[in-house]
Amino acid sequence: MRQSTVHCLKRLVFAALFAGMAVQDAAAVTLQPWKDELFSYGTVVETTDDGALSVVDYQELRDINGRDQVPERRVKSSYVSTAVKKAQQNATVDTPAGPIDVTMTGKGEGAAFTVIFIHGRGGDRRLGSNDWSFGGNFNRLKNLAVRGGGVYYAPSVTSFDDAGAARISGLILRAKALSPDAPVILACASMGSFICARVVRDPVAVKSLSGMVLMGGAADSDYAKTPAFKAKLPVFFTHGDSDSVYAANDQIAVFRKLRKAGIPTRFVLFQTGGHGTPVRMTDWRETLNWLFAQ
């Protein structure tokens, strides 16, 4: 890993900044509340599938215009804490498939958990590490990672094909080697779901994963043929019910196939939400705690 290991000085800064925040045992990770009053889901208007699918009230005027100082560009300052940047660095990780640029926030080694977020088309590592866009949701994820003793990677994916997926598989294996007893969660948004679809077909990478999050992603109709399906990898879906890019009903059909097969899964559907809604509105604390508990 080039310039990517957290050095002694970095550890001291990290420890001083977040002194008193206990690192949880990897076998029993539970993220503690942080700004839950701002980021938790509002009204649940409907539940189906024995409570596994929840339809959550979403309103653009409230959840974008009322939340942002500049709509879709800059969230209000109450949603953000930039102190977490002291535990953040840009790095290049060497993998068997080639180097990959990442923004890493949290512990480089011995982390209580790892989260890797895959952006969609046109993005790079800056998207998943932006503190002020997407309603401050990535800043919350970074704070949850640091406060919980974990690590969050936002890599730059240069292609959404086998070559791009191979580098993400390499990043997963690297993260697992650095924190061997900790869960690794792979989260993919929009076209990033093409990367998830390839990673779940990699039996070596699947063995290092503890769960997956699909946020407004494309439905994988052949998921039942993957090593991840056979391993019963837990999956958490979030989707806007008015998504015009990837239809919510297609993803719900996959979710129900997983449930029928006994795979732990949940689905949060944002009522009236569009394609980008899950990136802004997914409650990371609820999602990760559910996955950690499986």
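Only a predicted model underlies this, so the values are computations on that prediction, with no experimental measurement involved.

Cut-offs used in this document
- Residues numbered from 1 in each chain as written.
- Predicted model: local features only at pLDDT ≥ 70, side-chain atom pairs only at ≥ 80, totals over all residues.
- Heavy atoms only, no water.
- 1 Å grid on protein atoms, 1.4 Å probe; cavity = no way out; pocket = protein on both sides within 12 Å on 5 of 7 lines; lining within 4 Å.
- Points joined across faces, edges and corners; volume = space filled by probe spheres on them.
- Helix = DSSP H or I, 4+ residues; strand = E, 2+ residues; numbered from the N terminus.
- Nonpolar A, V, L, I, M, F, W, Y, C, P; charged D, E, K, R; others polar.
- Expected span 1.5 Å × (residues − 1).
- Buried < 20%, exposed > 50% of the residue type's maximum accessible area, 1.4 Å probe, protein only.
- Arc of directions from axis to C-beta.
- Contact = heavy atoms within 4.5 Å.
- Phe/Tyr/Trp six-rings, centres within 6.5 Å; stacked < 30°, edge-to-face > 60°.
- Lys NZ or Arg CZ within 6 Å of the ring centre and 35° of its normal.
- pLDDT = per-residue confidence, 0-100.
- Pairing = 2+ DSSP bridges.
- Axes fitted to C-alpha atoms, helices over the stretch in contact; angles between N-to-C directions.
- Disulfide = S-S within 2.5 Å.
- Salt bridge = Lys/Arg side-chain N within 4 Å of Asp/Glu carboxyl O.

Quick notes on the layout of surface pockets
Then comes step 1: Here the largest pocket is characterised by a volume of approximately 460 Å³.
Then comes step 2: Every residue lining the largest pocket is counted, 24 residues in all, and those nearest its centre are Phe-134, His-275, Gly-276, Thr-277 and Val-279.
Then comes step 3: Elements with a minimum of two residues in the lining of the largest pocket: helix H3 (60–65) and helix H11 (277–281).
Then comes step 4: When residues in the lining of the largest pocket are grouped by element, the largest group, 3 residues, is from H11.
Then comes step 5: Class assignment for the residues of the lining of the largest pocket results in 8 nonpolar, 12 polar and 4 charged.

Some remarks on helix H10 (residues 248–260)
Then comes step 1: Here H10 is 13 residues long and its end C-alpha atoms lie 18 Å apart, about the 18 Å a rise of 1.5 Å per residue gives.
Then comes step 2: Of the residues making up H10, those classed as buried are Ala-248, Gln-251, Ile-252, Val-254, Phe-255 and Leu-258. On an axial view of H10, the arc spanned by its buried residues comes to 160 degrees, and they lie on one face. Away from the buried face of H10 by more than 90 degrees, exposed residues Asn-249, Lys-257 and Lys-260 are located.
Then comes step 3: The inward-facing, buried residues of H10 contact strand E2 (53–57), strand E10 (211–215), helix H9 (227–230), strand E11 (235–240) and strand E12 (265–271).
Then comes step 4: With its phi angle positive at about 80 degrees, Gly-262 sits one or two positions after the end of H10.

Some thoughts on the packing of aromatic side chains
Then comes step 1: Enumeration over the complete set of coordinates arrives at 11 aromatic pairs.
Then comes step 2: In this structure an aromatic cluster arises from ring pairing among Phe-117, Phe-134 and Phe-138.
Then comes step 3: Over the ring of Trp-34 we find Lys-35; its NZ or CZ atom is 5.2 Å from the centre of that ring.
Then comes step 4: For Arg-74, the ring lying beneath its charged end belongs to Trp-132, and the centroid distance is 3.8 Å.

Structural notes on the confidence of the model for the protein chain
Then comes step 1: Of all residues in the protein chain, 91% attain a pLDDT of 70 or more, and the chain-wide mean is 92.
Then comes step 2: Below a pLDDT of 50 lies the segment residues 1–26, which in the model reaches 56 contacts outside its immediate sequence neighbourhood of four places, other chains included.

Observations regarding the sheet that holds E11
Then comes step 1: The mixed open sheet is built from 10 strands, whose spatial order is E1-E2-E12-E11-E10-E9-E7-E8-E6-E5. The open sheet has two edge strands with one neighbour each: strand E1 (44–48) and strand E5 (88–93). Sheet twist, expressed as the mean angle between neighbouring strand axes with direction ignored, is 20 degrees.
Then comes step 2: Looking at chain direction, E2 and E12 are connected through 5 bridges and run parallel. Bridging from a neighbouring strand, Val-55 pairs with Leu-269 of E12.
Then comes step 3: Contacting E5, strand E6 (100–106), strand E7 (114–118) and strand E8 (151–155), helix H5 (residues 137–147) runs over the sheet at an angle of about 140 degrees to E8.
Then comes step 4: Here helix H6 (residues 162–178) sits on the sheet in contact with E5, E6, E7, E8 and strand E9 (184–189), set at roughly 165 degrees to E8.

With respect to the state of the cysteines
Then comes step 1: Tallying each qualifying case throughout the model produces 1 disulfide.
Then comes step 2: Between the sulfur atoms of Cys-188 and its disulfide mate Cys-196 the distance is 2.1 Å. Measuring the twist about the S-S bond at about 85 degrees, one finds the Cys-188-Cys-196 disulfide to be right-handed.

Re the pattern of salt bridges
Then comes step 1: A complete count under the given rule lists 15 salt bridges for this structure.
Then comes step 2: Among the salt bridges present, the one from Asp-49 reaches Arg-259, with a minimum N-O distance of 3.9 Å. Taken together, the positions of Asp-49 in the loop between E1 and E2 and Arg-259 in helix H10 put the pair 210 residues apart, joining distant regions of the chain.
Then comes step 3: Judged by its relative accessible area of 30%, Arg-259 falls in the partly exposed class.
Then comes step 4: Shared partners join several salt bridges into a network, and the residues in it are Asp-36, Arg-140, Asp-283 and Arg-285.

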